[in-house]
Structure formats: structure tokens, C-alpha cells
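Here are the chains, one letter per residue:
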Amino acid sequence: MSSRRELLLEEMGLTPIWRLRTRQAESTTTAAQVQNVPAAAGRGDGAAPAVPRPAIDARDANIARMGWGELRASVAACTACGLRKTCTQTVFGIGDEKADWLLVGEAPGAEEDARGEPFVGQAGRLLDAMLAGIDLKRGEDVYIANVLKCRPPGNRNPEAPEVAKCAPYLRRQVELIRPRLILAMGRFACQTLLDTESSIASLRGRAHSYQGVPLVVTYHPAYLLRSLQDKAKAWEDLCYARSTMADLRAQSGSGAPAH
Ligand code: URA
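Residue positions within a chain follow its written sequence, with the count starting from 1. Where totals are concerned, whole chains, interfaces and linings use all residues; where local detail is concerned, this predicted model gives features only for residues with pLDDT of at least 70, and gives and counts side-chain atom pairs only at 80 or more. Hydrogens and waters are ignored; side-chain quantities use all the structure's heavy atoms.

**A closer look at the overall build of the protein**
Logical step 1: Secondary structure follows DSSP: runs of H or I at least 4 residues long count as helices, runs of E at least 2 residues long count as strands, and numbering of each begins at the N terminus. Each helix and strand in the protein was counted, giving 12 helices and 6 strands.
Logical step 2: Split into buried and exposed, the 259 residues of the protein put 54% on the buried side.
Logical step 3: Within the protein, counting contacts between residues at least 6 apart in sequence, those at least 24 apart form 78% of the total.
Logical step 4: For the accessible areas, the method is Shrake-Rupley and the probe is 1.4 Å, while residue cover comes only from the protein chains on display. Summed over all atoms, the accessible surface of the protein reaches about 11200 Å², with 52% contributed by carbon and sulfur. Remark: exposure states derive from per-residue accessible area (1.4 Å probe, protein chains only) relative to the maximum for the residue type, with buried under 20%, exposed over 50%, and partly exposed in between. The contact definition used throughout considers only heavy atoms, calling two residues in contact when any of these lie within 4.5 Å.

**Overview of the sheet that holds strand E4 (residues 181–185)**
Logical step 1: The criterion for strand pairing is that DSSP finds at least two bridges linking the strands in question. Strand order in the open sheet formed by 6 strands is E1-E3-E2-E4-E6-E5, with mixed pairing between adjacent strands. Of all the strands in the sheet, the pair left with one neighbour each is strand E1 (94–95) and strand E5 (208–210).
Logical step 2: Two elements, E4 and strand E6 (residues 213–218), share 4 bridges in a ladder whose sense is parallel. From the neighbouring strand, Ala184 faces E6, where its bridge partner is Val217.
Logical step 3: Strands strand E2 (101–105), strand E3 (142–146), E4, E5 and E6 of the sheet are contacted by helix H8 (residues 160–177), whose axis makes an angle of about 170° with E3. In this description, a line fitted to the C-alpha atoms serves as the axis of each element, helices being fitted only across the stretch in contact, and the angle between N-to-C directions of two axes falls anywhere from 0 to 180 degrees.

**As for the pattern of salt bridges**
Should the charged atoms of two oppositely charged side chains come close, the side chains can pair.
Logical step 1: Salt bridges are defined by distance alone: a side-chain nitrogen of Lys or Arg within 4 Å of a carboxyl oxygen of Asp or Glu. Tallied over the full model, the rule gives 14 salt bridges.
Logical step 2: Residue Arg249 is joined to Asp100 by a salt bridge in which the shortest nitrogen-to-oxygen separation is 2.8 Å. With Arg249 in helix H12 (residues 228–251) and Asp100 in the loop between E1 and E2, this pair connects stretches of sequence that are 149 residues apart. Note on accessibility: Arg249 and Asp100 belong to one class, buried.
Logical step 3: What emerges from the salt-bridge pattern is a single network uniting Asp100, Asp141, Arg180 and Arg249.

**Topic: the side chain of Thr244**
Logical step 1: Relative to the elements of secondary structure, Thr244 occurs in helix H12.
Logical step 2: Each residue touching Thr244, except ones within four places of it in the same chain, is listed here: Leu181 and Val216.

Below you can see the structure in the form of C-alpha cells.
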């Protein structure tokens, strides 16, 4: 392992476990082990509410036709749920609009709400270190977005009607970016995008699909800040995502980013 990677893993708090598990983690980069993980509380771990699925209405159809500029303006002006009344600003998403990698989290927290950018707080710093561990960098072939574009007050769990109103925005972002792979982070994003109540533990280690885009699940960085044990599993997930990306690129005959 290069000393740079060792430093990054140390920053993620992973080095001792990584040293013990190097062989296992490397050999599971195409099929990370599924392990039982007890549910934990807090941002990134809350069970996703069952999202009502109305037939596509005029608003959804309108959003589904938008380009980037219109979509950005529509999110900024959105009052479809009550969250805009309590948040400072909307947090649209950031990064390379032609990225192969799309990372999806839950909703802005306090720092994201203040700065208008996803994952800029403590969890974001861990996310940046995780990305660096697989040679990725925010903004370079990576786009970062959340299921919800507005911060729920006090970081409470998102509610089903809020998710239903915000879902068309993420759906359109996915259509515009056309990423090769989505990395869904945390129980809420995973359950919402996959329309399931299954635990992250049971969803790990294989590729799922969201709108025809391969989707890999992992734990939420905010949760990982509290769980050293699951940091090692998250590292396995990242290795699995990286090898899935390599397979996808090989299948399409390009070792390089898609766009
Ligand atoms: N948690 C999230 O899910 N998203 C953010 O942008 C920040 C924290």
C-alpha cells in the first residue's frame, strides 16, 4: 500500500483494521461480504419513510424536461414542502455535471445549509478522505447531491411527503448527469432510491439499480464518524464500487470516464 493511501486511511481512522484485513478487503472488491449490522440512531441511519408514489403529475413532468439552469432555479424557488420555510437556502448539489460517479446523501445539515454545498461539515471531511482513498476528488468526475435539497429543522429525519416532493429533482439530476455509478450513502438514501426497507447490511456487496444506473450502497459518513467497525465495511464498499466502476468501463470499452 502506498504511503499516501496509508495516510488517507489513517485520517479515516481505518489503518489498524485495514492492516489486519488487507487481503480480505482486496479479495472482496468485486463482492464485498454482507454482514449483519445493528441499526444505529441519528442522521444517516434513520429508516426511510415509505414514500407515497403518486402518478407522474404536471409538476413532475415539467421537472423531467428541465435543463441544468432551469432545474437549479426551480430548486432555489421551490416551496412544494414546508422545509424551505425553515432552512437558510436550498442545497442543489455540486460537482462535475458529466461525472461518472454520483454520490447521494440524505439532506443538508447545519453547515451545508449555511454554505449551500453538500457535505461540507465534519461528515463531508470524512467523505473527502474516503474519496481520496479510492483516488477520487470532489468535483473531478464526481457529483454530490442529497435526496432532500432543504435542511430538515434540527436535522430531523425527512418525512415521506418531503421526499415525494423533492424526488423529481434528484431523478432529473441523474438523467442529466447520466453517471455510470451511484453511491448511495446511509440508510435513508439507500432505502429511498431503492424503494425498500431493507437494511444497508443486507444491501451491501452487490450492484442494485436506480433508473437503470448501477447503484452501490454504503454507510453514511456521519454514522461512520461514530462507528469504527463500520468504517472498515465502508472501505470494503468503496473498493467494491471502484471495481464495479472498472468493470462498467471495461464493458463499455473505455478505461476512461464516460463523457
Ligand atoms: N449529511 C447528508 O446526508 N448530506 C449532507 O450534505 C450533509 C450531511
